[in-house]
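# Per-entry structural report
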Amino acid sequence: MTLFGRRHAVGLVREVMTCPQDGPAPPVLVFEGGRTALLTGVAGLLDGRVPYAHVDLGAQGRPGTPEVLYALAFHLGRPCPLYGTLRFPRLAVGKLVMDDTTLDLHDRDAARRQINDLLRAHRGIDQMVTTLREGAGTLPAGLPASVQTPLGLAARFLATALGRLARWTWSSRFVLGRAQKWYGAQGSSHRRPPVETLIELNQWHRRPNLGTNARQRDDLLWAAFRADLTAGLGRRRHRSWIPRCVVLLDNADTRLGRNVLTELVRLRAGGEHDPLAVVATAREPFLDHLPAAEQRTLAADEPLALARSGPDGRRWPRWVRYPLPGLTEEDTTRKVTADHPRLDHRIPLLVQQFAQGNPLAVGLLLEAADEVPSWPAGGNELGLVLARLEPPPPDDTDRVQCTIAERLCRHLLGRDDRDPFPDDEVETLTTCAAARTGEQALTLAVGSGLLTPDGYTGELSTLLAGLWPTAPDAAPPPLRRLLLRRLAARPADAETGWRAVHERLRRECAERADRTGELYHALALGELGRVAGYFTERAGVDPAREWLATLHEVVQAPTNLDHPVPPADEAHRLARATGADPDSRLGRITRLVAALWLAADPFTGRHRADLHDGIKRDYRAIALQFHDDQSRLVAEATTHRVRAEQWR
Amino acid sequence: MAVNSRNGTSPVADVPPDHLAPRVPRLRTVLRRSAVVLSVVVLVAAGAAVVHRVAVSCGPVRSGLTRVDGECVGVLTDVGSHPFSDDLRSVQDAIDRENAWVDAQYRADPGGNRYVRVALFSPMTATAHSFMTADQVRHTVQGAYVAQRRANHTPDFDDPRPLVQLVLANPGSRQAQWPRVVRALERMTDDRHPLVAVIGMGTSITATRDAARYLSASATDLPMIAGVATTDEFRDITGFVRTSPSNTDYVRALADYLAGHRELRTGMLVYDDSEPDLYVRDLRSAYERHLRRYLTVPAKSYFGAADPENRTQLFATIQDSVCNAPRPDLILYAGRALDLDDFVRSLALRGCRDPISILVGATGLSPLEELVPTLVEGRITIVNAAAGHPSWFTADSHPPGSVPDGLPPFLAAFRAEKIGEPGALADGYGPTHHDAMATAVMAIRAVAPGLPRDEVPRAGNVRGQLMNLNNSSTVPGAGGTLTFTTDRKADPIGKWVPITVIPPATDAPTRRPYVTTG
């Protein structure tokens, strides 16, 4: 599946990769708002060309810096033309020593003998690779090894020929001996017997909570990792045309991710150079606590423009953040053309309206839509798609087969299959999703007892904050739409059912003199006549701009309609049900509100050309009532004429 | 879900699949591609070379032999690995067994049983255009083998150490591949069991001369002991000796015969005018030098076996000339034995019937029993000065008349080996190459006493002993007790050159044969 709308992001990755390896490290590039799909795409571009490691830092359990380094070393160690096979013997020695829980920490001589015996017993380089792989086992690769396409035969031969020769040329003893010796000096001029450092390493690892043991252990392992990488790259580091090796870190905003990246940046700030390009993804911003000088946020399509110079050799910040833009309609259309050429061209429009550019959501929905044998005559195509079961997962995974809606929900909540579904949080979010703004949602949650101060967590507040767009008339994000569907699916008479929640929210809006909010929730409750009556009353009274702004906010109200008939018909039915004369001003405005309300719902049917034609006609007719600025309504009419063509 | 770009498609729209790949500098790309191309070319060339090697090899790939123009040429050290012909299979197997025995002796006592190698450089294949017949090729190898056996198992050639292996070096039926063969021989002089002498050298043609001159000038100092190369021109080649009479020796023997046959006074020289026949040219020159007073009739020429493209079956002009006045009673024949049959038959058809004698100097004529009726009818007598007499090689264990001292033990050894068919010795190739091998062994063993026990002679040492094979150190050859001196250079002293008159062919010589002197 091709990833759309990420060209600039890939360009940024290339910019950090092409920073000279023997110079200051480039900033850590953090993509906000996107996750696996982007890094998987980048990994696909790197695979077989540049050494890279793709690791998910959102793993459960208690992995730490050592496990992350093992995973990085293991994945970076795949053969690659021009780079050969990178080996990490120093890191492997460290792990071997750390894993020995029987080391006698009371008898130094005995400990020395034990370490020497241990290293002597693990002489094979193959064993070193196995050691690292075992250490990395708790951290899943972003791309499982079984899915990675192996190098072509010729490329693999070229890439591994020297590695194998080196393996023959270097006896195992020689390799491990040199790695062991490194622990004596660790690249500095001060030397001590390596075995002494290794004994301390074991001590630090077995008592990480004691003093600065964990920090010392991690620093030493980072140094070993860097030394291995530098030694493995050799003179390639000085060739300007050879890009840096790449580390792709998913879920950098987890506790583990923050720790690892903070350590890396700290070491870089301390003068430690590493020949890596680090690219991370985070669901939400996590660097707000850092000084502004240490970070920079890029605008859409803004390049990094990294350049060498300055007396301190560095001009760029330690972190660069890039909020990933959503897919545009054009991106979605091109994606459909590329990946789903047989799909009804109107379905992607529905998908885009629902997913709001979220690449994974778009991809999931389009793939599922491609499997639908036929579409209903009326609407609710997306409902059909969301209700479909996803393809059965491979037998050797823990993945559970669920509906597209559930999969999407998990994805948007950032929960893997291994994580239990946060039912309680989701129920709270579902109730709160009915609110028109985030503030109202929080008020609702706390005021209604749904959310107690004790139960309030940073994660929930982060999720809540993300459910409402900044612009009041902007469409809701896909997670909120899913939550609203869950709300609509609750029993009609439930205390936190659709009606109860919207009525409560309407009351609160009325109490706050929030007329727009009142109308919004009234419309959600199906009170079309009342809402249309307001707009009829204010047509020609309020300035066109205000009238339209309110109208646009109100018609974003959620629906719990089934959409049994085509949208134009449904709009007529809803309008007729209010009893308004279709040819009267009230009738037209009622029809207009109904049509706009349906048009704002991605679950409304795909046959929307007539719907938008009707909106166009009604806008033109209503425009005559606005003496101050008819052009605004005429412009709206034109917009809907264009949309009608899109939906035709 | 496509996760990589190795199949040519990019996982990210509007991003080329190689967007993140290293941008290899053009020169490096060119160099890399050139290296790849070069590697492929080298591999293909190596593969082709291997295929070619397999295709042109004779026997095992590492036999040392190469197929050239349908013949297997080169140096065969593993003598049993590739029989040059069915004719040679038996004697090659015998040599292989002897060589294996020598090596086994060495392995059992490396310090006491060091050994050296001697190469028999001679055509191993015979064709319609070759200078040696298949029988002569076979007899050559047989003679050398018998000498090897005597050298390794008897005290006939002095101290039985060092032992000797025999290897076969084939320059081709017309000796055209001599360059590659002599180079291979040169490389063998530095082996642990070094090559220390070359025997045989083939017939008297330019190829033999060129090979001999090459080895003479070679830094390896390989000595050469020829068996049938009789051309006088070879006398002055340093490091070269022969166990056969020279052409001059043949002519002197014939002169000695004519001295006892004063009725023969009018002679006509008939010579082979084909190139590159050194023997014929040289023999003609010897006739002209030593029998000039007999050449009273203008000479006649023909194109013989040496030039297969210009071969003539009939000697029409010569046939007519012998009946013109002055009629010759002698024909001094300077041609190859291969053409003699045709000449005799043509001469027998001459119009006149005066007796005529054909004088021939040759190592050994092929058996001429079939020709005797023609000779009788045509009143033709062949007077052949040869390296041996037919009576020496009958079934009798004691040849009649005087024979060289070394002949009876040679005959006994030859018969004991059961390597030759009846009449194998008649053409003289066996005995003369036996003597060549014996000479080489004597020279080798003349060096050995002066060396430490675990050392072996080198080629240069052996060459230095050739001219010391005299006085108390003579070669007990089948064709005479041979000595070599600087005065005679390549030509042996003590070589018997008996005269055979045909008919009759089997009578013992009636007079004491000519023996070469210093």
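Residues numbered from 1 in each chain as written. Chains lettered and ligands numbered in written order. Predicted model: local features only at pLDDT ≥ 70, side-chain atom pairs only at ≥ 80, totals over all residues. Heavy atoms only, no water.

Take the overall build of chain A next. A tally of helices and strands in chain A yields 28 helices and 6 strands. Across the 648 residues of chain A, 55% fall into the buried class. In chain A, of all internal contacts separated by at least 6 residues, the share reaching a separation of at least 24 is 72%. For chain A, the exposed surface amounts to about 28,000 Å²; the carbon and sulfur share of it is 51%. (Helix = DSSP H or I, 4+ residues; strand = E, 2+ residues; numbered from the N terminus. Buried < 20%, exposed > 50% of the residue type's maximum accessible area, 1.4 Å probe, protein only. Contact = heavy atoms within 4.5 Å. Areas by Shrake-Rupley, 256 points an atom, 1.4 Å probe, with all protein chains shown as cover.)

Once that is clear, we can look at unusual backbone geometry. Residue and element names in this part refer to chain B. With an omega of 0°, the peptide bond running from Arg-161 to Pro-162 counts as cis. Mapped onto the secondary structure, Pro-162 falls in the loop between α3 (134–153) and β4 (163–170). At the junction of Ile-502 and Pro-503, the peptide bond is cis and its omega measures out at -10° in the coordinates. Even without glycine at this site, Asp-69 takes up a positive phi of about 50°. By secondary structure assignment, the location of Asp-69 is in the loop between β1 (65–68) and β2 (71–76). The exposure class assigned to Asp-69 is exposed, which follows from its relative accessible area of 76%. Not every positive phi belongs to a glycine, and Lys-489 is a case in point at roughly 55°. Within the secondary structure, Lys-489 is located in the loop between β14 (480–482) and β15 (496–497).

Overall, the coordinates contain 16 aromatic pairs over all chains when judged by the stated rule. Both rings, one in Phe31(A) and one in Tyr322(A), keep their centres 6.0 Å apart while their planes meet at 80°; by these two values the pair is edge-to-face. With Phe31(A) in strand β1 (residues 28–32) and Tyr322(A) in strand β6 (residues 319–323), the pair connects residues that are 291 residues apart, well separated along the chain. A ring pair is formed by Tyr333(B) and Phe343(B), whose centres lie 5.5 Å apart and whose planes are at 25°; its orientation type is stacked. Separated by 10 residues along the polypeptide, Tyr333(B) in strand β10 (residues 330–334) and Phe343(B) in helix α9 (residues 337–348) bring together distant segments of the chain. Accessibility assignment for this pair places Tyr333(B) and Phe343(B) in one class, buried. (Phe/Tyr/Trp six-rings, centres within 6.5 Å; stacked < 30°, edge-to-face > 60°.)

This part is about the pairing of β2(B). Residue and element names in this part refer to chain B. With 6 of its 6 residues buried, β2 lies for the most part within the structure. Bridge analysis of β1 against β2 gives 4 bridges, and the strand direction is antiparallel. In the sheet register, Val-68 faces β2, and the bridge partner there is Glu-71. Taken together, β1 and the strand that follows it, β2, pair antiparallel across an intervening segment of 2 residues, in which Asp-69 is found at a positive phi of about 50°. One ladder, built from 3 bridges, connects β2 with β4; its direction is antiparallel. Paired with Leu-76 across the strands is Leu-168, a residue of β4. (Pairing = 2+ DSSP bridges.)

All right, on to the environment of Ala214(A) then. For Ala214(A), the location among the structural elements is in helix α10 (residues 213–233). A C-alpha to C-alpha distance of 10.0 Å links Ala214(A) and Gln203(A), two positions 11 residues apart in sequence.

Sheets are built from strands that pair by backbone hydrogen bonding, the pairs being arranged parallel or antiparallel. Residues and elements named next belong to chain A. The strand order across the open sheet formed by 6 strands is β2-β3-β4-β1-β6-β5, and the pairing between neighbours is parallel. The open sheet has two edge strands, β2 (52–56) and β5 (295–297), and neither has a second partner. For this sheet, the mean angle separating the axes of adjacent strands, direction not counted, is 20°. Relative to β6, β1 runs parallel, the two sharing 5 bridges. (Axes fitted to C-alpha atoms, helices over the stretch in contact; angles between N-to-C directions.)

It is worth spelling out the sheet that holds β10(B) at this point. All names here are of chain B. Taken in spatial order, the 6 strands line up as β9-β8-β10-β11-β12-β16 in an open sheet, and their pairing is mixed. Only two strands of the sheet have a single partner each, and these edge strands are β9 (295–302) and β16 (499–502). Averaged over neighbouring strand pairs, the angle between their axes works out to 20° when direction is ignored. Against the sheet, helix α7 (residues 278–290) contacts β8 (267–272), β9, β10 and β11 (356–361), and its axis sits at roughly 145° relative to β10.

Throughout this description, disulfide means a covalent bond between two cysteine sulfur atoms. Residue and element names in this part refer to chain B. With the rule as written, the count across this model stands at 2 disulfides over all chains. Between the sulfur of Cys-58 and that of Cys-72 lies a disulfide, 2.0 Å long from S to S. Torsion about the S-S bond of the Cys-58 and Cys-72 cystine: about -90°, corresponding to left-handed handedness. On the criterion of sequence distance, the pair formed by Cys-58 in the loop between α1 (26–56) and β1 and Cys-72 in strand β2 is long-range, its members being 14 residues apart. The burial state of Cys-58 is the same as that of Cys-72; both residues are buried. One disulfide in the model links Cys-323 with Cys-352; its S-S distance is 2.1 Å. (Disulfide = S-S within 2.5 Å.)

This part takes up the pattern of salt bridges. Residues and elements named next belong to chain A. One pass over the full model with this rule turns up 51 salt bridges over all chains. Asp-514 is the salt-bridge partner of Arg-436, the closest N and O atoms lying 3.4 Å from each other. One end of the pair, Arg-436, is in the loop between α17 (423–432) and α18 (438–447); the other, Asp-514, is in the loop between α21 (498–511) and α22 (515–524), and 78 residues separate them in sequence. The buried category is assigned to Arg-436, whose relative accessible area is 15%. Connected through salt bridges with shared partners, the residues Arg-506, Arg-515, Glu-518, Glu-527 and Arg-530 form a single ionic network. (Salt bridge = Lys/Arg side-chain N within 4 Å of Asp/Glu carboxyl O.)

None of the figures reported here should be taken as evidence of function without further support.
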